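The chain contents come next:
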Amino acid sequence: MIITKNIKMADVIHLNYHTLSVLNRFNIYLGFGDKTIEEVCNDKNVDINFFLEIVNTFVDKEYFPKKQLQTFSVSLITDYLKKTHQFYHEVKVPEIESLINEMIETCYTQKENIVLLKKFFNEYKQELLNHTQREEEVVYPYTLSIEKAYNQEKIDSSVVDLMKNYSINIFKTEHDDIEEKLYDLKNILIKYLPQPKNVQLCNKLIHELFILEQDLNDHSVIEDKVLVPKIRAMEKHITKKLSK
Ligand SMILES: [Fe+2]
Ligand SMILES: [Fe+2]
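Residues numbered from 1 in each chain as written. Chains lettered and ligands numbered in written order. Predicted model: local features only at pLDDT ≥ 70, side-chain atom pairs only at ≥ 80, totals over all residues.

**A closer look at the packing of helix H10 (residues 180-192) against helix H11 (residues 199-243)**
The interhelical angle for the contact between H10 and H11, taken along N-to-C directions, is 160 degrees, at an axis separation of 10 Å. Between H10 and H11, the interaxial angle falls into the category roughly antiparallel. Relative to H11, H10 is oriented so that their crossing is left-handed. Judged by residue contacts, Leu182, Tyr183, Leu185, Lys186, Leu189 and Ile190 of H10 engage Cys202, Leu205, Ile206, Leu209, Phe210, Leu212 and Glu213 from H11. In the contact of H10 with H11, the residues fall into eleven nonpolar, no polar and two charged. (Axes fitted to C-alpha atoms, helices over the stretch in contact; angles between N-to-C directions. Helix = DSSP H or I, 4+ residues; strand = E, 2+ residues; numbered from the N terminus. Parallel < 35°, antiparallel > 145°, perpendicular 65-115°, else oblique. Left-handed = near helix turned anticlockwise from the far one by under 90°. Contact = placed C-beta atoms within 7 Å. Nonpolar A, V, L, I, M, F, W, Y, C, P; charged D, E, K, R; others polar.)

What follows is the structure, given as structure tokens:
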């Protein structure tokens, strides 16, 4: 089922409650009564077409309108990506950390193993932070400059220097698979950690790790399949214009 603008916002949540965190990235919070997606987006000044593409992509894993997504502005795309980073650091990572801490506190027989698990997750947290920081400090500002130059009648010489030192292809090659390590962490829990006393806590932790991994996957796909080709095409256009 494709979500369209006339559907009630509440029904989006009924359809898939994981969309709740996506809605929050657009500054949309609960309490929208019977308002449709269009009405809520208008109230919140949200680009409705972009919202629909993102929500549909999130709900239906088969749905990925690459070309359509590439038509949105770089600022719209990077704003959404930044909001997603924020969600990882401010919501998901603390949630997972508090579950691990709770496991340490309540588990007497497995303490050493869970402390090791915590160490592993701490390292992961740092890696994730480095990954998102690099994107926010280097990559996204670069993409915004490229978009600005692309839209200009006469290309600024500063963008030539910028493109000499960096390119979206560099990002493509340096963009590491941040989900992979999460998979390893899940595997430690699923395969090797002897079942801790509090089974439910362990299940909850695995559940949260799966959610984070899936979300990171969706996020990386937007970076690799939407942002990268979009900027690559803009770089080409700029280079062509400069050589004239
Ligand atoms: Fe990112
Ligand atoms: Fe990334």
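**Here we look at the nonpolar core**
Counting residues in hydrophobic clusters, the biggest one holds 16 residues, and the most contacted among them are Val12, Val22, Ile37, Val40, Phe51, Ile54 and Val55. Taken together, the elements giving at least two residues each to this core come down to helix H1 (9-15), helix H2 (19-25), helix H3 (37-44) and helix H4 (48-59). Of all the elements, H4 adds the most residues to this core, at six residues. In this view, Val55 contacts Ile3, Val12, Thr19 and Val22; residues no more than four positions away in its chain are not counted. Core analysis: the next-biggest nonpolar cluster, separate from the first, contains 15 residues, Leu81, Val139, Tyr140 and Ile168 among them. (Core = buried A, V, L, I, M, F, W, Y, C linked by C-beta atoms within 7 Å. Buried ≥ 20, exposed ≤ 12 C-beta atoms within 10 Å, placed from the backbone.)

**Some points on H4**
Under the 1.5 Å per step criterion, the end-to-end length of H4 is 16 Å for twelve residues, consistent within 8% with the ideal 16 Å. Those residues of H4 not exposed but buried are Phe50, Phe51, Leu52, Glu53, Ile54, Val55, Thr57 and Phe58. Looking at the buried side of H4, the elements it contacts are H1, H2, H3, helix H5 (66-70), helix H6 (74-106) and H11. (Expected span 1.5 Å × (residues − 1).)

**Structural notes on the domain arrangement of the protein chain**
As assigned here, the protein chain comprises domain 1 (9-63) and domain 2 (72-243). Of the residues lining the interface, seven residues belong to domain 1; the matching set on domain 2 comes to seven residues. Elements supplying a minimum of two residues to the side of domain 1 that touches domain 2: H2 and H4. If you tally residues by element for the side of domain 1 that touches domain 2, the top one is H4, at four residues. Of the residues contributing to the side of domain 1 that touches domain 2, the split by class is three nonpolar, two polar and two charged. (Domains from an automatic or database assignment.)

**Focus on unusual backbone geometry**
The backbone phi angle of Asn27 is positive, close to 60 degrees, even though this residue is not glycine. By the element assignment, Asn27 lies in the loop between H2 and H3. Residue class for Asn27 comes out exposed when judged on the 10 C-beta atoms lying within 10 Å of it. Notably, Asn45 is not glycine yet its phi reads approximately 60 degrees, a positive angle. Residue class for Asn45 comes out exposed when judged on the 8 C-beta atoms lying within 10 Å of it.

**A closer look at the environment of Asn198**
You can see Asn198 is positioned in the loop between H10 and H11. Exposure remark for Asn198: the 16 C-beta atoms within 10 Å place this residue in the partly exposed category. Each C-alpha atom, one on Asn198 and one on Glu127, is 29 Å from the other, the two residues being 71 residues apart in sequence. Residues within four places of Asn198 in sequence aside, it is in contact with Met103, Thr106 and Cys107.

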